[in-house]
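# Observations on chain architecture
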Amino acid sequence: MNASDSDEDFYNERTALVPSENPVVPSYRPDSDLTPENCTPTKVPGVSRRAGPAAPDGGGGSDQEVDADDEELTLKYGAKHVIMLFIPVTLCMVVVVATIKSVSFYTEKTDQQLIYTPFTENTPSVGRRLLNSVLNTIIMISVIVVMTIFLVILYKYRCYKFIHGWLILSSLMLLFWFSFMYLGEVFKTYNLAVDYPTVGVIIWNFGAVGMICIHWKGPLQLQQAYLILISALMALVFIKYLPEWSAWVILGAISVYDLVAVLSPKGPLRMLVETAQERNEPIFPALIYSSAMVWTVGMASPMDAQRSEHGSDEEAEQSGGRGEPERRQPRTFPEDDVEEDSEFIRDQSVRAHQSERRLQQCVCVCVCVCVCVCVCVCVGGVKLGLGDFIFYSVLVGKAAATGGDCNTTLACFVAILIGLCLTLLLLAIFKKALPALPISITFGLVFYFSTDFLVQPFMDNLAAHQFYI
Amino acid sequence: MNLERLPNEEKLSLCRKYYLGGFAFLPFLWLVNVVWFFREAFVKPAYTEQLQIKTYVKRSALGLLLWVAVLTTWITIFQHFRAEWGEVGDYLSFTIPLGIP
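Residues numbered from 1 in each chain as written. Chains lettered and ligands numbered in written order. Predicted model: local features only at pLDDT ≥ 70, side-chain atom pairs only at ≥ 80, totals over all residues. Heavy atoms only, no water.

## Quick look at the nonpolar core
Residues and elements named next belong to chain A. Grouped together as the largest cluster of nonpolar side chains are 142 residues, with contacts concentrated most on Phe 178, Met 234, Phe 238, Val 375, Phe 391 and Tyr 392. Broken down by element, this core gets its largest block of residues, 14 residues, from helix H8 (residues 220–241). Those residues within four positions of Met 234 in sequence are excluded, and the remaining contacts are Leu 174, Val 363, Cys 366, Val 367, Cys 370 and Ile 390. (Core = buried A, V, L, I, M, F, W, Y, C linked by side-chain atoms within 4.5 Å. Buried < 20%, exposed > 50% of the residue type's maximum accessible area, 1.4 Å probe, protein only. Helix = DSSP H or I, 4+ residues; strand = E, 2+ residues; numbered from the N terminus. Contact = heavy atoms within 4.5 Å.)

See below:
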């Protein structure tokens, strides 16, 4: 790849991805140079000889070349983006599915629900259950809409500190508290004895380096890895605490919301992206996964000043006003003969109760991370919102948790990647921010329900009757 | 963050901040420092700040090795003697495995 000397020279998102080519220089021919000087009669043929090799490089078929080059650029540009996003999305889904399959905590039935989905699905009648899931969805979607609008308003009025503070708080909680829970569950699953000092050191290192990489400066791969892990953790929380039918209806509803929010002229996400582009600022890094770094010289200093200004705004908007009171579930303690036992049980359940309450509070704050559900182009690469990662992983994770076997999971995985591919193709054609959820989630849902209800019984029947096709 | 595009003084300052940050019980930060700046310190042709970056990388590696040694020792001791310590062992444990030790 030839690196051009001047960065400003025709440097936009397309040329950043496609190697720039220096203009073809006609080769040096000493005899043609010398002849016109030595013998004047041969000057004309010398000139024409020199013009000869130059002709195919210059004018001639330049128009057709430009068109062909343009198309090639578009295709190369689109293909590179696809690869750059396939890997993180796949990794996130692999982490979620691996956890679901191995750590039973995330698939255990729990009566505890998020305060965003207050209606229970434990009713015997189908109609009631459907109604409850639709109501849960309405509440959840309105929460997200309100948060996004709040975020956009704060961003427009430049309340950057507020957003910055809220985003830091939510990533703090995700990096420390949720990973602490996750680690605890993994150790319990593998029946390991681990002491508090070791766990403390591990979590402190993981969290602190994560905060540094995401909100300050760090190696790009590490920042990407942390964003993937954050999305996976959030998706796992959703998988555990969203009731069955509500989860599917929420996925469907959020892709419709995404379509509206990003494409309609007054949509909040569209306004967010446009405002960011107008002011020539990046959308806050804790909300969006960037496949490549922004390659401008001396980027670090002005970026930091800008980032510290408005990072807080975006995150705070998304986190919104999370000061709602937590739900308390009444617990009855069994009366035991042995005092110590009952004390111990009470301690355990109180501790569990407290940790669940803390969890609710954390989730309140962290739902902000899901707000960014668009994909957009930036200089040097393509950006995908963390909300997209989260909802893709929720879909695949739910398929792994509740689906029959790995066929369903694989089908959903393939469906999402196909959808992502198509979305990026559209991105290469339209070159503006697009919703990344609708196509993928639609394909995912279609594949999930058809595989679970049509293909799986079909395959089982074939296997039962030993009929191989 | 692409190191290639930073001027040398900023690279040095970043390396130094990572080195100093690692003293807050963050051996992982030292590991990141070593891996990230290894090429800058040892592979790239010499420039003015490279010597200092080299020092920081070497010291980070040293600190990292020290931490690894301490942690390994502590974990070995804990795993071996946890059952014998009885109450103290339980008090220190984050997760207690089921079954007979």
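## A closer look at the UniProt feature "transmembrane region" (unreviewed entry) in chain B
Residue and element names in this part refer to chain B. The UniProt record marks residues 20–39 and 60–81 with the feature "transmembrane region" (unreviewed entry), using the residue numbering of this structure. Secondary structure across residues 20–39 comprises 75% helix and 0% strand; the distance between its end C-alpha atoms is 20 Å. When the span residues 60–81 is considered, its composition is 100% helix and 0% strand, and the gap between its end C-alpha atoms is 31 Å. (UniProt positions renumbered as here; feature names shortened; annotations may be inferred.)

## Some words on the side chain of Glu 185 of chain A
Looking at the element boundaries, Glu 185 of chain A is found in helix H6 (residues 160–189). Among all residues touching Glu 185 of chain A, those that are not within four sequence positions of it are Val 103 and Phe 105 of chain A.

## Side note on the pattern of salt bridges
One pass over the full model with this rule turns up 7 salt bridges over all chains. A salt bridge links Glu 244 of chain A to Lys 109 of chain A; the shortest N-O distance between them is 3.4 Å. In this pair, Glu 244 of chain A is assigned in helix H9 (residues 244–263) and Lys 109 of chain A in the loop between helix H4 (62–102) and helix H5 (126–156), connecting sequence segments 135 residues apart. Residue Glu 40 of chain B pairs with Lys 44 of chain B through a salt bridge whose shortest N-O separation is 2.8 Å. Judged by relative accessible area, Glu 40 of chain B falls into the buried class, the value being 2%. Given the relative accessible area of 25%, Lys 44 of chain B is considered partly exposed. Several salt bridges share partner residues, and in doing so they unite Glu 4, Lys 11, Glu 40 and Lys 44 of chain B into one network. (Salt bridge = Lys/Arg side-chain N within 4 Å of Asp/Glu carboxyl O.)

## Considering the interface of chain B and chain A
Taken together, the contact pairs 30 residues of chain B with 33 residues of chain A. Approximately 2,800 Å² of surface area, both sides summed, lies buried where chain B meets chain A, with 67% of it carried by carbon and sulfur atoms. When residues of chain B are sorted by the area they lose upon contact with chain A, Met 1, Arg 5 and Phe 94 of chain B head the list and together hold 27% of the total. Where chain B meets chain A, there are 0 salt bridges. The tally of links from chain B across to chain A stands at 11 residue pairs in polar contact (both at pLDDT 80 or more). Taken together, the elements giving at least two residues each to the side of chain B that touches chain A come down to helix H1 (8–21), helix H2 (27–43), helix H3 (50–85), helix H4 (87–92) and strand S1 (93–95) of chain B. Ranked by residue count, the leading element in the side of chain B that touches chain A is H3 of chain B, at 7 residues. The residue makeup of the side of chain B that touches chain A, split by class, is 22 nonpolar, 4 polar and 4 charged. (Buried area = accessible area lost by both parts, 1.4 Å probe. Polar contact = N/O pair within 3.5 Å; in protein donor to acceptor, adjacent residues only side chain to side chain. Nonpolar A, V, L, I, M, F, W, Y, C, P; charged D, E, K, R; others polar.)

## Some points on the environment of Val 70 of chain B
Residue and element names in this part refer to chain B. Within the element layout of this structure, Val 70 appears in helix H3. The class for Val 70 is exposed, based on a relative accessible area of 51%. Once the C-alpha coordinates of Val 70 and Pro 7 are considered, the two residues, 63 residues apart in sequence, prove to be 37 Å apart.

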